[in-house]
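Commentary on secondary and tertiary structure
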Amino acid sequence: MSHVFHRNLTQRYPMAVKGEGPYLIDSQGKRYLDASGGAAVSCLGHSDADVIEAVRHQIGQVAYAHTSFFTTEPMEALADHLIARAPEGLESVYFVSGGSEAIEAALKLARQYFIEIGQPERKHLIARRQSYHGNTLGALATGGNEWRRRQFEPLLINVSHVSPCYAYRGLRPGETLEGYAIRLAAELEEEIQRLGPENVMAFVAEPVVGATLGAVTAVPDYFTRVREICDRHGILMILDEVMCGMGRTGTLFAAEQEGVTADLITVAKGLGAGYQPIGATLVSRRIHEAIANGSGFFQHGHTYIGHATACAAALAVQHAIEDRHLLPQVTRLGESLHERLVERFGSHPHIGDIRGRGMFRGIELVEDRDSKQPFDPELKLHARIKKAAMGHGLMCYPMGGTLDGRSGDHILLAPPFILEEPHLDELTDKLDHAIRDAL
Ligand code: PLP
């Protein structure tokens, strides 16, 4: 019997013993093509020699130095690297150990910013339904995924949730994409008016929705309209790029493709690519200045913020992405993957939508393509697909739809950026077998 409190206590897990490029290998010698990068983490694949060397070197120098006493070279260098490439206006980086912590830091930075500038009444958050921003209580309250929130609801702060930008289901018959963006922007504005703009602190959204909807991109101009509304009412825009950032969509920051910048951007997963746990919150000049020129102290922190070895690993990952020209490869391979998915599943009776950007792709399963009727959640189709895929030696990331049927089961694909064309064939074949087995 295992003494580990595993994620799912009804299941037995294979023992991962080795990573090799895009494959994980278990103790029985079985190879799994990592088509989800775990949970959109392993963007460089496994056992990258340069990152391993960087970690080895840093541990030999100084593994860890508490940030209340010291700064370190890898932390300074990583912050410089990120800010040099970040959207306009972002000036400093607050390092944490993962995505939820990055969101918590963003929420507290937003709150403290308004206190520092003399607007303490601004404390209300607006986020979107069917979203995920992490599992710690502040992040869970921000997210709009009912299944994850349900039993913890009494512990959560009050957050408003507006509609996601999800054209496959949200677009009304005859409505243009522009009309849809205008309607969603109006809904946000209405919620701001209902709360009183002077009470609203921030709007939070993922530029490309990952875990909860499966690589759903926004329609053109949605984010520029949202940005304009936030600016008009003095509300901060927090973009959660924990899953879609750090090159996954073909640009280092997903927001670059939306033509907007944010006041706070959270990143994690692909930042350290799984070689070390690390996340970060990128902070705009005006927030940094307000705190620097005000109290001079951000009232927040964790023991492992700015962990030197984690920063060294992330810096090596980011250098690898740049030096090996992986961003154009993400775009090229991502299009190739999309073409294969469309070729294989484009007329499948139970696949309603194939979507995404770069190496971040999603497939939505439906009972009926015409009505878009999702499968009964009781069938747990997503879990069956995941199990079948593992049987075929494929890691993918399926998730269930919403409890009320507003979205169906989907499969998220977020493979390493280092795949080659034959891996895409292997991925498509194995996924096809898994879907057949599960349906
Ligand atoms: N934000 C988004 C968009 C995510 O997808 C996730 C995790 O899936 C998180 C936040 C939370 O990150 P973590 O699991 O590292 O705490």
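Predicted model, so just to flag it, every value in this text is computed and none were measured.

Another aspect to go through is the overall build of the chain. Check the secondary structure of the chain and you find 14 helices and 17 strands. Taken along the three principal axes of its C-alpha coordinates, the chain extends 60 × 60 × 45 Å. For the chain, long-range pairs separated by at least 24 residues make up 73% of all intrachain contacts whose partners lie at least 6 apart in sequence.

Judged from the three bridges that link them, strand β2 (residues 23-26) and strand β3 (residues 31-34) form a sheet pairing that is antiparallel. Bridge pairing links L24 to Y32 in β3. In sequence, β2 turns back onto β3 through a hairpin of four residues, with G29 there showing a positive phi of about 85°. Where β3 and strand β15 (residues 394-395) come together, two bridges link them in parallel fashion. Residue pairing for β15: L33 is matched across the bridge by L394.

To continue, consider the site of the ligand. Within the structure, the ligand sits among 15 residues, and G98, G99, S100, G134 and V242 are positioned closest to it. For the shell around the ligand, the element with the highest residue contribution is helix α4 (residues 99-116), accounting for three residues. Per-class residue counts for the shell around the ligand are seven nonpolar, six polar and two charged.

With that settled, the discussion passes to helix α8 (residues 177-195). Here α8 spans 27 Å end to end across 19 residues, near enough to the 27 Å set by a 1.5 Å rise per residue. For α8, every residue scored as buried is listed here: Y180, A181, L184, A185, L188 and I192. The buried residues of α8 occupy an angular sector of 130° when projected down its axis, which confines them to one face. Opposite the packed face of α8, turned more than 90 degrees from it, sit the exposed residues A186, E187, E190, Q193 and R194. Note on α8: the residue one or two positions beyond its end, G196, has a positive phi of about 90°.

Let us look at unusual backbone geometry. The residue A215 is not glycine, and still its phi comes out positive at about 60°. Summarising the element assignment, A215 is placed in the loop between β8 (208-209) and β9 (216-217). Here A215 falls in the buried class, since 30 other C-beta atoms lie within 10 Å of it. For K380, which is not a glycine, the phi torsion comes out positive at approximately 50°. Positionally, K380 belongs in the loop between β14 (360-365) and α13 (381-391).

So, about the packing of helix α2 (residues 49-61) against helix α11 (residues 308-323). Viewed as axis vectors pointing N to C, α2 and α11 meet at an angle of 150°, and their least axial separation amounts to 8 Å. Comparing their axes, α11 and α2 come out roughly antiparallel. Considering only the axes of α2 and α11, their crossing is right-handed. On the side of α2, the interface is formed by D50, V51, A54, V55, Q58 and I59, while α11 contributes A308, T309, A312, A313, L315, A316, V317 and A320.

An order of β1-β2-β3-β15 is seen for the four strands of this open sheet, with the pairing classed as mixed. Of all strands in the sheet, those bounded by a partner on one side alone are β1 (16-20) and β15.

Here the chain shows a mean pLDDT of 97. Residues at 70 or above account for 100%. Confidence metrics for the complex model read pTM 0.98 and ipTM 0.99.

Before going further, it helps to spend a moment on helix α12 (residues 326-345). Working note: α-helix, 3.6 residues per turn, so residues spaced by three or four point in the same direction. The first and last C-alpha atoms of α12 sit 27 Å apart over 20 residues, in line with the 28 Å expected at 1.5 Å per residue. All of the buried residues in α12 are V330, L333, G334, L337 and L341. Angularly, the buried residues of α12 cover 115° about the axis, an arc narrow enough to put them on a single face. In this structure, α12 carries P328, V342 and E343 as exposed residues pointing more than 90 degrees from its buried face. Of the surrounding secondary structure, the elements contacted by the buried residues of α12 are β13 (351-357), β14 and α14 (421-438).

Further remarks concern the sheet that holds strand β17 (residues 410-413). On the basis of which strands lie adjacent, the open sheet formed by four strands has the order β13-β14-β17-β16 and antiparallel pairing. Looking at the sheet topology across the chains shown, the edges are occupied by β13 and β16 (397-399). Ignoring strand direction, the axes of neighbouring strands in this sheet form an average angle of 20°. In this sheet, β17 lies alongside β16 in antiparallel orientation, the contact comprising three bridges. The residue of β17 that forms the bridge with Y397 is L412. α13 contacts β14, β16 and β17 of the sheet and is inclined by roughly 160° relative to β16.

Attention now moves to the pairing of β2. Each regular strand shows side chains that alternate between the opposite faces of the sheet. Two elements, β1 and β2, share four bridges in a ladder whose sense is antiparallel. Bridge pairing links A16 to D26 in β2. Taking the residues that link successive antiparallel strands as the turn, the β1-β2 hairpin has two residues, and the phi of G21 there is positive, at about 55°.

So, how was this worked out
- Residues numbered from 1 in each chain as written.
- Predicted model: local features only at pLDDT ≥ 70, side-chain atom pairs only at ≥ 80, totals over all residues.
- Helix = DSSP H or I, 4+ residues; strand = E, 2+ residues; numbered from the N terminus.
- Contact = placed C-beta atoms within 7 Å.
- Pairing = 2+ DSSP bridges.
- Near = placed C-beta within 6 Å.
- Nonpolar A, V, L, I, M, F, W, Y, C, P; charged D, E, K, R; others polar.
- Expected span 1.5 Å × (residues − 1).
- Buried ≥ 20, exposed ≤ 12 C-beta atoms within 10 Å, placed from the backbone.
- Arc of directions from axis to C-beta.
- Axes fitted to C-alpha atoms, helices over the stretch in contact; angles between N-to-C directions.
- Parallel < 35°, antiparallel > 145°, perpendicular 65-115°, else oblique.
- Left-handed = near helix turned anticlockwise from the far one by under 90°.
- pLDDT = per-residue confidence, 0-100.

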